[in-house]
Every structure is written in C-alpha cells, then in structure tokens.
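Commentary on secondary and tertiary structure
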Amino acid sequence: MPPTATLEDIKAYQHKVEKDNIAPDNLPPCPRCRVESEFFKIHAYRERRFLIIIEMLIKAAYCSLVRFKCPGCGKTFTNYPDFAIPHKHYTRPSITGFSASYLNSEDITYRQALMVDGSVPGYPQNDATLAPSRIHRWITTLGRLTQTSRTALILLLQENPVSSICRNLAQVVIPQRKYKTKKRKKQLINCRQLMIIKAFFQATFKTSIFTKLAIRHAFG
Ligand SMILES: [Zn+2]
C-alpha cells in the first residue's frame, strides 16, 4: 500500500465541516493583534483539491477547508485537517511516508523511494508517474518545520528526561551522495530529525505532531 490519506479520511473531514464541527482552537493566536484563536469566527469555506493514491493511481479528491477570521483585525486563517500540509496537494501520509523511505535508506534514489511493490504511483490520464523531484520538494517543506520539532522535543524531554531521543537525534548522518550543498544537508538532517521526533511523539503521547503541534506553529 502506498502511503496516502484515504478517500474515507477526506469524506470524514468533509462530514465534520458540514456538521460545523471544525473548531479554530488549534490555530495559533493572531500574529497581528494576539487575539486567541478560540475567539476566531468562521469566515468562509474553500474547496480544496487533494491528491490521494488509490490502487497505485493518483486521484483527485475534494474537501472543504474552513477559513476563520480574527475579530480583532480581520486577518483570515485556514484550518487544515491533519492529513493536509499547507500549499501541498498530496496528503501528509504521502509526503512523510515517501520522504521517510528516502531518508531511512543509505543509498536509495528519489525514484526508488517512490516505488511500492516494484512500481511508482501514476496518473490515470496518461503514462506519467509521480516525479522524483516531488520528494526533493517535500523534504524541503518538512525540513522547515523546525519550531514544531523544537517544541515537540521539549515536551518529550519534560515527559521523560532520560529519553534516548537526544542521542538518536545526534546520531543522524546523511550520506554525502544525497546532497551537494550545506543548505541541502541541513534540510535533510532537519527532516530526518523531524521523523525521529514524530515517532517518539506518537509513542509517548499517542497522537501525531501534525494533529495540533504543527498547526499551532503554523507549520513552521
Ligand atoms: Zn488579529
């Protein structure tokens, strides 16, 4: 099974939107006027296209996202379901899953990391398959979530001060063939560390860092 959100995940979220069950309280406070997000009001609904993988085919699925408005200054904020990452059409399980395949193996290429049972997910309209450059961009995106990583690490160490996590994070090494610049090396390390923190966080708190923490940090 390729990593992906399912049609059921997307339908379940749509159902919550329709039942008015989306609360703004996971969002960060307004950066302009510091009003807490619990006071935000529903502003608009916007249909969003997601790309999910069904039996190795990339298919579009649509779901409404809720935009909230700060009552203090009128700034608007999108509330994302936990299968979404802002500005990405592929779902979070695909983005983290394929990126992890690439990072977890020493000598794998982007293309190999996209393979599931010997083939790469493709588009139903033509012969094209998921492009290897996607993983490059997904890792860039995930490597930017440094505030989320930092907060998650603080919470983990508060919960278990003798956790082995710091040792695990310090041991992250990226094979030299995977980068040409220092900047890229840093992105790869950040992303790999995010994956480790994500696994510890899930095991410790039984929830994903993407459910609240990443949203709270506005995916920073
Ligand atoms: Zn405001």
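Please read these numbers as outputs of a predicted model, since none were measured by experiment.

Concerning the nonpolar core
Membership of the largest hydrophobic core comes to 65 residues, with the highest contact counts inside it found for Tyr102, Ile135, Leu142 and Phe210. When residues in this core are grouped by element, the largest group, eight residues, is from helix H7 (residues 182–205).

Things to note about the sheet that holds strand S2 (residues 57–69)
As a general point, the strands of a sheet are linked pairwise by backbone hydrogen bonds and lie either parallel or antiparallel. Pairing in this open sheet of three strands is antiparallel, and the strands run S1-S2-S3 from one edge to the other. Looking along the sheet, the strands with just one partner apiece sit at the ends: strand S1 (41–54) and strand S3 (76–79). For this sheet the average axis-to-axis angle between neighbouring strands, irrespective of direction, equals 30°. When S2 meets S3, the two strands line up antiparallel, connected through four bridges.

Quick word on the layout of surface pockets
The space that makes up the largest pocket amounts to roughly 240 Å³. Taken together, 14 residues form the lining of the largest pocket, with Tyr13, Lys16, Asn26, Tyr80 and Thr211 sitting closest to its centre. The dominant element in the lining of the largest pocket, judged by the number of residues it contributes, is helix H1 (residues 7–18), at three residues. Its residues placed into classes, the lining of the largest pocket shows seven nonpolar, four polar and three charged. Computed from the structure, the second largest pocket encloses a volume of approximately 170 Å³. Contributing to the lining of the second largest pocket are Leu27, Pro28, Phe77, Thr78, Tyr80, Pro86, His87, Ile215, Ala218 and Phe219.

Some points on the pairing of S2
Pairing analysis gives 13 bridges linking S1 to S2, with the strands arranged antiparallel. Looking at the pairing, alanine 44 lines up with arginine 67 of S2. Connecting S1 to the next strand, S2, in antiparallel fashion are two residues, including glutamate 55 with a positive phi near 45°.

The rules we used
Residues numbered from 1 in each chain as written. Predicted model: local features only at pLDDT ≥ 70, side-chain atom pairs only at ≥ 80, totals over all residues. Heavy atoms only, no water. Core = buried A, V, L, I, M, F, W, Y, C linked by side-chain atoms within 4.5 Å. Buried < 20%, exposed > 50% of the residue type's maximum accessible area, 1.4 Å probe, protein only. Helix = DSSP H or I, 4+ residues; strand = E, 2+ residues; numbered from the N terminus. Pairing = 2+ DSSP bridges. Axes fitted to C-alpha atoms, helices over the stretch in contact; angles between N-to-C directions. 1 Å grid on protein atoms, 1.4 Å probe; cavity = no way out; pocket = protein on both sides within 12 Å on 5 of 7 lines; lining within 4 Å. Points joined across faces, edges and corners; volume = space filled by probe spheres on them. Nonpolar A, V, L, I, M, F, W, Y, C, P; charged D, E, K, R; others polar.

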